[in-house]
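Per-entry structural report
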Amino acid sequence: MANGGTVSQSILVVGGGMSGLTAALEAAEAGYDVYLVEKNPYLGGRVAQLHHYFPKLCPPYCGLEINFRRIKTNPRVRFFTMAEVQRISGEEGNMDVTVKINPRYVNEKCTGCGKCSEACTMEIDNPFNYNMNKMKAAYLPHDMAFPMRFVLDPALVKSVEAQKVKEACTYDAIELDMAAKTVDLKVGAVVWATGWKPYDPVKLESYGFGKHPNVITNVMMERLASWNGPTQGKILRPSDGQPPKNIAFVQCAGSRDQNHLPFCSGICCLASLKQTTYIREQYPDAKVTIFFIDIRATDRLEDFVAKVKSDENLTLFKGKVAQINQDDATKNLILRVEDTTTEKLHEITVDMVVLATGMQPNTAENPLPTSVAYDDYGFVASLKAKPGVFAAGCTRTPVGVSESVQDGTAAALKAIQSIVRR
Ligand SMILES: Cc1cc2nc3c(=O)[nH]c(=O)nc-3n(C[C@H](O)[C@H](O)[C@H](O)COP(=O)(O)OP(=O)(O)OC[C@H]3O[C@@H](n4cnc5c(N)ncnc54)[C@H](O)[C@@H]3O)c2cc1C
């Protein structure tokens, strides 16, 4: 070793989405101790918020549950939720890391019984459902959350209600004086897998997100279709709770656009085709139009793409939507778009719009606490970010779940090599 220190046999994985979970489990199952640090109060990342996921179009909990079981049965994985890495110092093989753990105000005695939530009247926005509904301020992050443990919002803890909520718990699981704490770790290598966030649709001013209630985004559509979403799985227009009859998907909403995200997220075309199947399951006669620049659906799913495209109530319209206006009386939406095959300008009215927004790396706004190279869009530039630090999944490039799993496995192997070859 360059610094003559002892090589740590532990690996730090940051981010508990598909990439991070995979990296953590592969490394642990190869015999290494792993610390997994996740910012949310639950593991699973953005995939946990999907209704179905391709290629198999099954609920994401098919895959996630298997990983959670692997974590439960593997003492080598130690995970921290509501946690973030504040500092990384040292060098490959011998790094010092400080992790800050924010208070959940609920300890491990929680059985998930929900009595605290029943006693609570305060409501807050529900981030799991992209704030489309409210939830109690004493909450389980979602029905299938792992760990299955409640959380108290800081606003509730400071309120006059807090004591009543604490007294409702018969397991002595609520600690109103729980404070943030830091943990110092020694690790040999780091895998950074903090994933992505949806591009902010408010920045797409001409599309009226936030002003026109029936303009939603693709991630919101995932929650609308989900049994544990804000409408218990019924796809309804936000303005009046009515079934939509005519829905438009606007592809490349902010993507491949020098003013927003210049890159292609590579997933949104398939996501809109997948979401067409959600609509079709509920509304056999609903009209769907996908407005696109060009459809970039990967070859592996050719059969799926062909099947969706054969839907006679689906129109594929080649043209990038320029403007979305609202008819204030009906709250219907009027799309201005040029058909690029005929060069004719159209105004098309629909009753709901889904913006296919892309995936922006979280590292663009929250870089690693150690110096690494990024590309022009904020993705970590390569798998080997620096000696001993590796990037996986959407931290490195926009990818789907199967690529995230491959990437997490690759990063785990690189992290192990980083320790072994010292
Ligand atoms: C609309 C839509 C639909 C999609 N549908 C599919 C599909 O059907 N099939 C498919 O294969 N792919 C689909 N995808 C892509 C899929 O969501 C990604 O492949 C997957 O989320 C990538 O996993 P990840 O672990 O890299 O990132 P994420 O899922 O984003 O996980 C990252 C984790 O890191 C955590 N984190 C963030 N910052 C920090 C920090 N500073 N410290 C600690 N933790 C942090 C996050 O809370 C999160 O848990 C879809 C994408 C979109 C936009």
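Quick note: structure is the one above.
Structural notes, computed from the coordinates. Numbering of residues starts from 1 in every chain and runs along the sequence as written. Local features are withheld for residues below a pLDDT of 70 in this predicted model, meaning they are given only at 70 or higher, and side-chain atom pairs are given and counted only at 80 or more; totals for whole chains, interfaces and linings count all residues. Side-chain numbers come from the whole structure's heavy atoms, not from hydrogens or water.

As for the sheet that holds strand E1 (residues 10-14)
Strands qualify as paired when DSSP identifies two bridges or more between them. Under the DSSP-based scheme used, a helix requires at least four consecutive residues in state H or I and a strand at least two consecutive residues in state E, with every element numbered from the N terminus. Sheet architecture is open: 6 strands sit in the order E3-E2-E1-E11-E23-E22, paired in mixed fashion. Strands at the two margins of the open sheet, each flanked by one partner only, are strand E3 (77-80) and strand E22 (384-386). Neighbour-to-neighbour, the strand axes of the sheet open up by a mean angle of 25°, direction not taken into account. For strand E2 (residues 33-37) and E3, the ladder comprises 4 bridges, and the chain directions are parallel. Opposite Leu 36, over in E3, you have Phe 79 as the bridge partner. Residue contacts follow a heavy-atom distance rule, with two residues in contact if any of their heavy atoms lie within 4.5 Å. Every angle, taken between N-to-C directions, lies between 0 and 180 degrees, and every axis is a line fitted to C-alpha atoms, over only the stretch in contact when it is a helix. Along the sheet face, helix H9 (residues 401-420) touches E1, strand E11 (189-192) and strand E23 (389-391) and points at about 170° away from the line of E23.

Overview of helix H1 (residues 18-29)
Since there are 3.6 residues in each turn of an α-helix, residues three or four apart along the chain are aligned in direction. What a helix is expected to span follows from its residue count: subtract one and scale by 1.5 Å. For H1, spanning 12 residues, the distance from its first C-alpha to its last is 16 Å, which sits close to the expected 16 Å at 1.5 Å a residue. Accessible area is worked out with a 1.4 Å probe on protein chains only. A residue is then buried under 20% of its type maximum, exposed over 50%, and partly exposed in between. With 10 of its 12 residues buried, H1 lies for the most part within the structure. Met 18, Ser 19, Gly 20, Leu 21, Thr 22, Ala 23, Ala 24, Leu 25, Ala 27 and Ala 28 are the residues of H1 that are buried. Packed against the buried residues of H1 are E1, E2, helix H2 (61-72), E3, E11 and H9.

Observations regarding the site of the ligand
Near residues are defined by distance, with any heavy atom within 4 Å of the molecule or strand qualifying the residue. With respect to spatial proximity, 35 residues lie near the ligand, and among them Ser 19, Glu 38, Lys 274, Val 399 and Val 401 are the closest. N or O atoms closer than or at 3.5 Å make up a polar contact, with two conditions inside protein: a donor-capable atom paired with an acceptor-capable one, and, for residues adjacent in sequence, both atoms drawn from side chains. At a separation of 3.0 Å, an oxygen atom of the ligand approaches a polar backbone atom of Arg 46. Phe 54 has a polar backbone atom sitting 2.9 Å from an oxygen atom of the ligand. Protein coverage of the free-state accessible area of the ligand, which is 1,000 Å², stands at 97%. Of all the secondary structure elements, the ones that give two or more residues to the shell around the ligand are H1, strand E4 (83-91), helix H6 (218-225), helix H7 (268-282) and H9. For this classification, Asp, Glu, Lys and Arg are treated as charged, while Ala, Val, Leu, Ile, Met, Phe, Trp, Tyr, Cys and Pro are nonpolar and the rest, including Gly, are polar. For the shell around the ligand, a count of residues per class yields 15 nonpolar, 14 polar and 6 charged. Residue exposure ignores everything except the shown protein chains as possible cover, and the areas themselves are Shrake-Rupley values with a 1.4 Å probe.

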